[in-house]
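Observations on chain architecture
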Amino acid sequence: MLELSNDFHPGRLEKLLTSDLFVYANVPYRIKKYDDILANPKDTVVFDFELDKSISAQLDFLGADAKLLKDQSGKKYYKVNLTGKNTCDTAFQTK
């Protein structure tokens, strides 16, 4: 797919690899600690009710942007480039 994209848009892929254009969703789930996952591999996440409540409270004001991950200041959206997005997404995939 990347090769096909490069055929139709030469040079664009290189720009996407280094330009901070992508965001993450701030999902209200937390991955359990490693030891807990080992103890019960079928129960690996916890729903974060407080985060869900906070996100929901911001929906009227921010719309869908309320569901985006913000930086540590809480004022800007956490943006990454395609390299970082793929690296992080791959790191969290399970086999």
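Residues numbered from 1 in each chain as written. Predicted model: local features only at pLDDT ≥ 70, side-chain atom pairs only at ≥ 80, totals over all residues. Heavy atoms only, no water.

1. Some details on the confidence of the model for the chain
Per-residue pLDDT for the chain averages 85, and the proportion of residues at 70 or more is 88%. The model gives residues 90-95 a pLDDT under 50, and that stretch makes one contact with residues more than four places away or in other chains. (pLDDT = per-residue confidence, 0-100. Contact = heavy atoms within 4.5 Å.)

2. Here we look at the packing of aromatic side chains
Two measures describe an aromatic ring pair: the distance that separates the ring centres and the angle between the ring planes. Overall, the coordinates contain two aromatic pairs when judged by the stated rule. Centroid distance Tyr29 to Phe47: 5.1 Å. Interplanar angle 75°. Geometry classified as edge-to-face. Residue Tyr29 is located in strand β2 (residues 29-31), and its partner Phe47 is located in strand β3 (residues 45-47); the two are separated by 18 residues in the primary sequence. Judged by relative accessible area, which is 27%, Phe47 ranks as partly exposed. Ring geometry for Phe47 and Phe49: centres 4.7 Å apart, planes at 70°, overall edge-to-face. According to the relative accessible area criterion, Phe49 is exposed, its value standing at 61%. Aromatic ring contacts, followed pair by pair, group Tyr29, Phe47 and Phe49 into a single cluster. (Phe/Tyr/Trp six-rings, centres within 6.5 Å; stacked < 30°, edge-to-face > 60°. Helix = DSSP H or I, 4+ residues; strand = E, 2+ residues; numbered from the N terminus. Buried < 20%, exposed > 50% of the residue type's maximum accessible area, 1.4 Å probe, protein only.)

3. Remarks on the environment of Gln58
Examined against the element boundaries, Gln58 turns out to sit in helix α4 (residues 49-62). Assessed through its relative accessible area of 26%, Gln58 is described here as partly exposed. Those residues in contact with Gln58, other than ones at most four positions away along the chain, are Gly63, Ala66 and Lys70. Polar contacts involving the side chain of Gln58 include one to the side chain of Lys70, which spans 3.3 Å. (Polar contact = N/O pair within 3.5 Å; in protein donor to acceptor, adjacent residues only side chain to side chain.)

4. Thoughts on α4
Between its first and last C-alpha atoms α4 spans 19 Å; for 14 residues at 1.5 Å apiece the expected length is 20 Å, and the two agree. You can read the cap of α4 off the contacts: a side-chain oxygen lies 3.3 Å from the backbone nitrogen of Glu50, and it is on Asp48. Remark: Gly63 follows α4 within two positions and exhibits a positive phi of approximately 70°. (Expected span 1.5 Å × (residues − 1).)

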